[in-house]
Amino acid sequence: MPTAEYQFSGQNNRVDPLAISMDKESRTPLFTEWYRLINVDPGDDNGCSLRKGYILLDGSTTAHSLWSNPYSPTDLYYVDDTTLKIRTKQGSVYTLREGLTYGARMFFVQVNEIVFYSNGIERGIISNRVAHAPFVPTDKYKLPFPAGRCLEWHNGRLYTGLSSNGAHALVCSDSLDTPGGVESMDDRHCIVAQFDGAISMIQRVESLGRSGLFVSAGEATYFLPGSDPVVGE
């Protein structure tokens, strides 16, 4: 009597789902059940981890620029009409700032214990779910960190993209150990690089001992190696 064999349709505990075997002759990878996994990200340690959850927002709002804080994923930041708001996991909504420019996309980034936000016109910081007035430096050569487009935090400095009169530049803030921290910048050292087009992405990378910034500007993407442009890296 023939024997019928039925394979598992989902995950099982017999075969390591993280194992990707190799055909010995052709050296071709043989994909296993791992490709079926959803809501996971691969890691540098040959393993994987679950992705963060998400918060549903009432579809009747006129919300845009939604951002889930990666260090506190239960908090959802967004702009509703001209108001910056935060929504907690419990569903409570708090107003952070009103009177913003209508339709201007907001960018966010976590900087230690604060959240820095900017839409290219207005900018500010949020601490403990409260928006604070921007710091204005008074020392010589110091300027307020501008309201740019795209934000990234890398090696103790804040980065953003500026466009003015056809010129496009990546600028950086002071370090955290200076008065005002990332809300201040030195006009002698703040320009990191200039580009032919507007900056549309700034993304830090810290992997395998090589750090730097990926920057998309115009129709190209660039990699700027190093940790601190102000000290010549």
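Residues numbered from 1 in each chain as written. Predicted model: local features only at pLDDT ≥ 70, side-chain atom pairs only at ≥ 80, totals over all residues. Heavy atoms only, no water.

Glancing now at the pairing of strand β7 (residues 83–87). Burial analysis of β7 places 5 of its 5 residues in the buried class, which makes it a mostly covered element. Taking every second residue as pointing to the same face, both faces of β7 are buried, with Thr83, Lys85 and Arg87 on one and Leu84 and Ile86 on the other. Note that strand β6 (residues 76–80) and β7 share 5 bridges and pair antiparallel. Paired with Asp80 across the strands is Thr83, a residue of β7. Hairpin connection of β6 to β7: 2 residues between the antiparallel strands, including Asp81 at a positive phi of 65°. Pairing analysis gives 4 bridges linking β7 to strand β8 (residues 93–97), with the strands arranged antiparallel. Of the residues in β8, the one forming a bridge with Arg87 is Val93. (Buried < 20%, exposed > 50% of the residue type's maximum accessible area, 1.4 Å probe, protein only. Helix = DSSP H or I, 4+ residues; strand = E, 2+ residues; numbered from the N terminus. Pairing = 2+ DSSP bridges.)

With respect to the helices and strands, the residue Asn112 is situated in the loop between β9 (107–111) and β10 (114–118). In this structure, the C-alpha to C-alpha distance between Asn112 and Gly156, residues 44 residues apart in sequence, is 9.4 Å. If we ignore the near neighbours within four places in the chain, the residues touching Asn112 are Trp153 and Leu176. (Contact = heavy atoms within 4.5 Å.)

A word on the sheet that holds strand β12 (residues 130–132). The strand order β9-β10-β11-β12 describes an open sheet built from 4 strands, whose pairing is antiparallel. Each of the sheet's edge strands pairs with one partner strand only, and the pair in question is β9 and β12. Adjacent strand axes in the sheet meet at a mean angle of 30°, parallel and antiparallel pairs treated alike. (Axes fitted to C-alpha atoms, helices over the stretch in contact; angles between N-to-C directions.)

Spatially, the 4 strands line up as an open sheet ordered β5-β6-β7-β8, and their pairing is antiparallel. In this open sheet, the two edge strands, each paired with only one partner strand, are β5 (63–68) and β8. In this sheet, neighbouring strand axes are inclined to one another by 25° on average, regardless of whether the strands run parallel or antiparallel. As paired strands, β5 and β6 are joined by 4 bridges and run antiparallel to one another. Bridging across to β6, Ala63 finds its partner in Asp80.

Taken as a whole, the largest pocket spans an internal volume of roughly 420 Å³. Taken together, the elements giving at least two residues each to the lining of the largest pocket come down to β5, β9, β14 (149–154) and β19 (199–207). Here the residues of the lining of the largest pocket sort into 12 nonpolar, 4 polar and 3 charged. (1 Å grid on protein atoms, 1.4 Å probe; cavity = no way out; pocket = protein on both sides within 12 Å on 5 of 7 lines; lining within 4 Å. Points joined across faces, edges and corners; volume = space filled by probe spheres on them. Nonpolar A, V, L, I, M, F, W, Y, C, P; charged D, E, K, R; others polar.)

Bringing the packing of aromatic side chains into the picture now. Two aromatic rings are characterised by how far apart their centres lie and by the angle between their planes. All told, the structure shown has 6 aromatic pairs when counted by the stated rule. With centroids separated by 5.7 Å and ring planes inclined at 45°, the aromatic side chains of Tyr77 and Phe108 adopt a geometry described as tilted. Taken together, the residues Tyr77 in strand β6 and Phe108 in strand β9 connect sequence positions 31 residues apart. You can call Tyr77 buried: its relative accessible area is 4%. Measuring from centroid to centroid gives 5.7 Å for Phe116 and Phe145, while their planes differ by 80°, and the two rings are edge-to-face. Of this pair, Phe116 sits in strand β10 while Phe145 sits in the loop between β13 (142–144) and β14, placing them 29 residues apart in sequence. Pair check on accessibility: Phe116 and Phe145 agree, each one buried. In textbook terms, an aromatic cluster arises when at least three aromatic residues are bridged by ring pairs, as seen for Trp67, Tyr77 and Phe108. (Phe/Tyr/Trp six-rings, centres within 6.5 Å; stacked < 30°, edge-to-face > 60°.)

Treat this as a map of the structure, not an account of what it does.
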